[in-house]
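As a plain string of letters, each chain reads:
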Amino acid sequence: MNRKRIFSGVQPTGSLHIGNWLGAIRNWVELQKSHEAFVCVVDLHAITTPHNPKELLENTLSTAALYKACGMDPDISSIFVQSHVKAHSELCWLLNCITPLNWMERMIQFKEKAIKQGDNVSIGLLDYPVLMAADILLYDTDLVPVGEDQKQHLELARDIAQQRINSRFGINEENILKVPQPLIMKEGAKIMSLCDGKVKMSKSDSNENSRISLLDSPDLIRKKIKRAKTDAEIGIEFNNINRPEADNLLGIYSIVSGLGKEKAAIECGEIGWGKFKPLLTDALISALEPIQKEYFILREDNDYLKKILENGQSKADEVANRTLKRVKKVMGFLQREI
Ligand code: TRP
């Protein structure tokens, strides 16, 4: 049986929030039933903006534990830490040398992040998308489940594979690297901030109240939902462009309650915010409870978590090293047989 392969990852910066879960991890959990999944904690990406070593260490462990707690199954999927698989850095270097600089300078996320960094923009930040291309291409990935905002990065990975590797170094039309497809999920693809329905929920938002972290206590969830931005209308509805907050919160509710869009829209179509918010709060608390429970058990058992990551690394190494070898060979590097 030849299952298609997916690859995805989240940066271990700050604690994961419901946007990461509903928009990304939840989809991996579904996809792993029918696809071969490689999911990684992209710690090398996390140092492209100034970072704190202690926090990186803690966030790497907590992100890995949350993948598992959210339902990624280490027996059928490979869960690993990017920096443990050395092929990522090495392929990144090879790709750096064949990727035109002007492809990088036009990346939207780079421009946005660079503005925020002022004078302190590292070469790593500019190189972020090439490392991401290396991540994806190493695994002969068929599909990359990502959010809307990562589409341009995926496009770059495709261009590098196609135009810079396959067409330059491929022999007899043979592809060296598989050209991946994006898989943009509709439902939950973009969870917005609780404080502004027009901006994405983000780990880097300085306002804690803008997001629900997966590890927030019931009390904190209650507080944050109470403070969440509303409007003066009655009835919570989807797709009213003047009511982005209603659309976002109803979207979250439709997923965490398990009702789905249609039923949630009917249930909430005529109630006011005062009735809706407690419904949303309770649904969120119950949905997060089992994740938190498993998370805390896992964090008590560091050896088990380490074992999962070691296993993931060894499965990842095997595939990644094969791809790296193929690329180095066609680029003319002297092969070393071991
Ligand atoms: N850039 C991605 C994000 O911020 C994270 C990431 C790094 C990634 N490498 C990847 C996602 C490879 C998918 C595939 O969401």
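First, a word on scope: everything that follows refers to the structure included in this document. (Residues numbered from 1 in each chain as written. Predicted model: local features only at pLDDT ≥ 70, side-chain atom pairs only at ≥ 80, totals over all residues. Heavy atoms only, no water.)

Formed by 59 residues in total, the largest nonpolar core has its most connected members in Ile18, Trp21, Tyr67, Ile252, Phe276 and Leu284. For this core, the leading source of residues is helix α12 (residues 273-300), giving 11 residues. What Leu284 contacts, discounting residues up to four positions off in sequence, is Ile18, Ile212, Ile221, Ile225, Ile252 and Val256. One finds Phe80, Ala87, Phe110 and Ala157 within the second-largest nonpolar core, a separate group that totals 45 residues. (Core = buried A, V, L, I, M, F, W, Y, C linked by side-chain atoms within 4.5 Å. Buried < 20%, exposed > 50% of the residue type's maximum accessible area, 1.4 Å probe, protein only. Helix = DSSP H or I, 4+ residues; strand = E, 2+ residues; numbered from the N terminus. Contact = heavy atoms within 4.5 Å.)

This paragraph deals with the site of the ligand. Surrounding the ligand, one finds Phe7, Ser8, Gly9, Val42, His45, Tyr128, Met132, Asp135, Ile136, Val144, Val146 and Gln150. Gln150 is positioned with one of its side-chain polar atoms (N or O) 2.9 Å from a nitrogen atom of the ligand. Burial of the ligand by the surrounding chains reaches 87%, relative to a free accessible area of 370 Å². Breaking the shell around the ligand down by element, the ones donating at least two residues are β1 (5-10), α7 (123-137) and β4 (143-146). Residue composition of the shell around the ligand, by class: seven nonpolar, four polar and one charged. (Near = heavy atom within 4 Å. Polar contact = N/O pair within 3.5 Å; in protein donor to acceptor, adjacent residues only side chain to side chain. Areas by Shrake-Rupley, 256 points an atom, 1.4 Å probe, with all protein chains shown as cover. Nonpolar A, V, L, I, M, F, W, Y, C, P; charged D, E, K, R; others polar.)

Once that is clear, we can look at the packing of aromatic side chains. By the definition in use, this model includes eight aromatic pairs. Taken together, a centroid distance of 5.9 Å and an interplanar angle of 45° make the contact between Phe80 and Tyr139 tilted. Here the residue Phe80 occupies a position in strand β3 (residues 78-81), and Tyr139 occupies one in the loop between α7 and β4, the gap between them amounting to 59 residues. According to the relative accessible area criterion, Phe80 is buried, its value standing at 0%. Judged by centre distance (5.1 Å) and plane angle (80°), the rings of Tyr295 and Phe296 are edge-to-face. Residue class for Phe296 comes out partly exposed when judged on its relative accessible area of 46%. Clustering of aromatic rings is evident, with ring pairs tying together Phe7, Phe38, Phe80 and Tyr139. (Phe/Tyr/Trp six-rings, centres within 6.5 Å; stacked < 30°, edge-to-face > 60°.)

This part takes up the state of the cysteines. Applying the stated criterion to the full structure yields zero disulfides. Of all cysteine sulfurs in the structure, the one in Cys92 sits closest to Cys40, which takes part in no disulfide; the separation is 13 Å. Its sulfur unpaired, Cys92 is 9.4 Å from the next cysteine sulfur, which belongs to Cys97. (Disulfide = S-S within 2.5 Å.)

What follows concerns helix α3 (residues 53-69). Taking 1.5 Å of rise per residue, the 17 residues of α3 would be expected to cover 24 Å, and the 24 Å separating its terminal C-alpha atoms lies within 8% of that figure. All buried positions along α3 are accounted for by Leu56, Asn59, Thr60, Ser62, Thr63, Ala64, Ala65, Leu66, Tyr67, Lys68 and Ala69. Where α3 begins, the side chain of Asn52 points an oxygen toward the backbone nitrogen of Lys54, at a separation of 2.9 Å. (Expected span 1.5 Å × (residues − 1).)

What the rule picks out here adds up to 17 salt bridges. One salt bridge in this structure joins Arg326 and Asp140, with 2.9 Å as the shortest N-O distance. Residue Arg326 is found in helix α13 (residues 302-331), and its partner Asp140 is found in the loop between α7 and β4; the two are separated by 186 residues along the sequence. Here Glu155 ties to Arg158 by a salt bridge, and the two come within 3.9 Å at their closest N and O atoms. One end of the pair, Glu155, and the other, Arg158, are both in helix α8 (residues 151-169), three residues apart, so they sit about a helical turn from each other. What makes Glu155 partly exposed here is its relative accessible area of 40%. Connected through salt bridges with shared partners, the residues Glu208, Arg211, Asp216 and Lys224 form a single ionic network. (Salt bridge = Lys/Arg side-chain N within 4 Å of Asp/Glu carboxyl O.)

All right, on to unusual backbone geometry then. Negative phi is the rule for most residues except glycine; trans is the rule for most peptide bonds. Phi angles above zero are rare outside glycine, and Asp140 is one such case at about 45°. We note that Asn239 has phi near 60°; this positive angle belongs to a residue other than glycine. Structurally, Asn239 can be placed in the loop between α9 (218-227) and α10 (244-256).

Here the focus is the environment of Glu30. As for its placement among the helices and strands, Glu30 is situated in helix α1 (residues 18-31). Classification of Glu30 by relative accessible area gives partly exposed; the value is 46%. Measuring from C-alpha to C-alpha, the distance between Glu30 and Lys111 comes to 33 Å, with 81 residues separating the pair along the chain.

Here Phe333 lies in the segment after α13. Excluding its chain neighbours within four sequence positions, the residues that come into contact with Phe333 are Leu94 and Lys328.

Further remarks concern the side chain of Ser62. Counting through the fold element by element, Ser62 comes out in helix α3. Discounting chain neighbours no more than four positions away, the residues touching Ser62 are Tyr295 and Arg299.

Geometric values such as these leave the question of function open.
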